[in-house]
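# Residue-level structure breakdown
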Amino acid sequence: MKFDRFSEIFQRRQRLWVAALGLALALGVAGAGASAYAQTSAASITTQVHLADHTPAPCAAQDCLGQVAPNKSVVHDLATVTSADPRMTPTGSVAFAFYTGTAECNLVRPATLITVPLNGSGGTATAESASFGPLDAGDYSFRAIYQPDAAAKALGFRTTPGNCEQLLIIKVEASTLIHFQDGLPVPCVALGCTGQVAPAGSVVHDVAIISSGNGGPGRTPTGTVTFAFFVGHLHCGGRPASVEVAVAAGTNGIAYAESSNTAPLAPGAYSYKAIYTPDAAAIALGLGPASANCEQLEVLDNQGPVPTR
Ligand SMILES: [Zn+2]
């Protein structure tokens, strides 16, 4: 999977940075006392993508080299710059590069570059980027770079880039199909099933299919689906005749939920609206709510033989 491959790349990159940091530390130790010019203060930079309320976006995997967030999220990046020596707090700023359309920070020019002053004490300082969003489904990435000011440079701090942070914005997809009591689908009136048509006296229910969309099969939606059933029109407007909440369950990134059966329907116009609400487990996987399109159902006045269902 694409995301896994990125994880590998970034793990490799992280190892390189760790190696580079180790070398810098070793040089600093070796140089200490030898010459004032050789004295360096090593800073490390770690980052975390936050949602609008400052909670961290869920991790894409256990190692948290990538993060995920629901469709239309507004996010920002938190950078923490830590000095190897707690007596020297990094000062200066963090430049945040925000990339859209890539999880690899690999564009020649980032979509946006902003610089934010650092604040801190006791060897640790933080900065937060501006907010970005609402973001559509897809790949994004941040890279934060610590830029020491003159005072920090005098202490030996150097420009330090953080790892590329991957962010996947996930769009959950909800679709629906009205079924007869026996589980067979009600015939569609057109390609794409923009409406369905059933004979008078039909007993029907609605089936919602909730897919994790670009979140992949590892993220099966759990939670509930709310079905609103409207009588007398095809546009899901106004007050529903009934509202019902059903549990969504499934595997491999796809979950289902069903409303209960209606009473036998008189000829006329009906419509269903299904809305998926993720539970805490789904939210922890980066899944957000989703609404299906309004489903139109026409129940025909029977002419001729009464159909068997
Ligand atoms: Zn924050």
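Reference entry: report on the structure contained in this document. (Residues numbered from 1 in each chain as written. Predicted model: local features only at pLDDT ≥ 70, side-chain atom pairs only at ≥ 80, totals over all residues.)

### Details of the overall build of the chain
Within the chain one finds three helices and 19 strands. When each of the 309 residues of the chain is scored for burial, the buried share is 36%. Expressed as a percentage of contacts within the chain between residues at least 6 apart in sequence, the contacts between residues at least 24 apart total 72%. (Helix = DSSP H or I, 4+ residues; strand = E, 2+ residues; numbered from the N terminus. Buried ≥ 20, exposed ≤ 12 C-beta atoms within 10 Å, placed from the backbone. Contact = placed C-beta atoms within 7 Å.)

### Side note on the environment of L265
Within the secondary structure, L265 is located in the loop between strand 16 (254-258) and strand 17 (268-278). Taking the C-beta count within 10 Å as the criterion, L265 has 17 such neighbours and is therefore assigned partly exposed. Spatially, the C-alpha atoms of L265 and A198 are 9.1 Å apart, while their sequence positions differ by 67 residues. If sequence neighbours within four positions are ignored, L265 has contacts with G201, S202, V204, Y270 and V299.

### Describing the nonpolar core
V94, L167, A208 and I210 are the most contacted members of the largest nonpolar core, which totals 62 residues. In terms of residue count, strand 4 (residues 92-100) provides more of this core than any other element does, six residues in total. Counting the residues that make up this core, at least three belong to each of domain 1 (2-170) and domain 2 (173-300). Setting aside anything within four residues of it in sequence, one finds V94 in contact with A79, V81, V116, L118, A127, A144, I145, Y146 and Q147. (Core = buried A, V, L, I, M, F, W, Y, C linked by C-beta atoms within 7 Å. Domains from an automatic or database assignment.)

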